Amino acid sequence: SELHFYSGAVNGAPILLIDTPGFADARSDRSRDQAYLELIQREAGEIDLLLFVTRLDDSRVEKSELDTLQITADAFTPEFWNRSIVVLTRSDAVHRDRFQEVLNGRTEVIREALEEVIGEDARTVPFVPISNDRTRNPDRRYWMMALWLRSLERLGERGFDAFVFATVSRLDTDTPGPDGPAHSESAPLPGEERVAPDPGVEPPERRRKTQASHLAR
């Protein structure tokens with residue numbers, strides 16, 4: 001795997017997104033990990049926000065994930081973790097009756113691993129579950145708004161304005177918050193029955209699907 005840099009301007013705000021491989025994908029070559037980190041520091045200068053992405057529907061922390069956390073912690077100052085969020089993907093793969101249990105368990109496992117690396121600061125790092133193809137998690141909450149708000153809270157001062165200008169127009173003014181009302185979708189969430197939509201009414205989620213997919217990338 002290699003680093004991928006995506007740069008440009010959104011609504012006049014400069015954006016640089018760096019998609020990294022797990023730094024520990026090949027532990028036999030630590031020099032490559034160091035080269036990646038040096039390249040990131042050279043190209044970005046300062047990291048405004050780190051999204052550590054891992055699966056919600058996994059019961060353990062892989063060694064490669066532990067190594068990635070350690071390498072990242074070694075490369076940056078402790079304050080760097082104040083700009084971090086753990087993003088838990090594939091929430092739609094979890095049955096809604098077990099969603100909170102699975103979320104709590106996965107969060108605790110990763111937090112304990114992170115605590116071994118950075119200490120008590122791990123207790124302040126937020127976790128945000130997201131769906132890969134739906135606008136809501138199994139608990140009926142809109143994950144896109146939750147992730148957006150958490151990002152605002154964790155962003156460094158330098159990147160705050162750019163992030164707001166680049167993303168605010170992608171949020172519909174009628175998008176409810178994380179605890180907003182539930183709507184029927186064309187596909188049922190895990191554990192619920194399929195509900196036929198009213199052919200005369202376009203579901204709000206359909207109108208937002210493209211926006212959600214862009215923000216999830």
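This text gives an overview of the structure that appears in the document.

Basis of the calculations
Residues numbered from 1 in each chain as written. Predicted model: local features only at pLDDT ≥ 70, side-chain atom pairs only at ≥ 80, totals over all residues. Heavy atoms only, no water. Salt bridge = Lys/Arg side-chain N within 4 Å of Asp/Glu carboxyl O. Pairing = 2+ DSSP bridges. Helix = DSSP H or I, 4+ residues; strand = E, 2+ residues; numbered from the N terminus. Axes fitted to C-alpha atoms, helices over the stretch in contact; angles between N-to-C directions. Parallel < 35°, antiparallel > 145°, perpendicular 65-115°, else oblique. Left-handed = near helix turned anticlockwise from the far one by under 90°. Contact = heavy atoms within 4.5 Å. Nonpolar A, V, L, I, M, F, W, Y, C, P; charged D, E, K, R; others polar.

## Considering the pattern of salt bridges
Inference 1: Counting across every chain of the model gives nine salt bridges.
Inference 2: The closest approach of N and O atoms between Asp57 and Arg55, which form a salt bridge, is 3.1 Å.

## A word on the pairing of strand S1 (residues 4–10)
Inference 1: The pairing of S1 with strand S2 (residues 13–19) spans seven bridges and is antiparallel. If you follow Gly8 over to S2, its bridge partner there is Ile15.
Inference 2: Counting the residues that bridge the hairpin from S1 to S2 gives two residues, and of these Asn11 lies at a positive phi of roughly 55°.

## Description of the packing of helix H4 (residues 143–154) against helix H5 (residues 157–167)
Inference 1: Between H4 and H5, the shortest axis-to-axis distance is 9 Å and the interhelical angle comes to 160°. One finds that H4 runs roughly antiparallel with respect to H5. For the crossing formed where H4 meets H5, the hand is left-handed. When H4 is examined against H5, the residues Trp148, Ser151 and Leu152 are found in contact with a partner set consisting of Phe160, Phe163, Val164 and Thr167.
Inference 2: Classifying every residue of the contact of H4 with H5 gives five nonpolar, two polar and no charged.

Bear in mind that shape data such as this cannot, by itself, settle questions of function.
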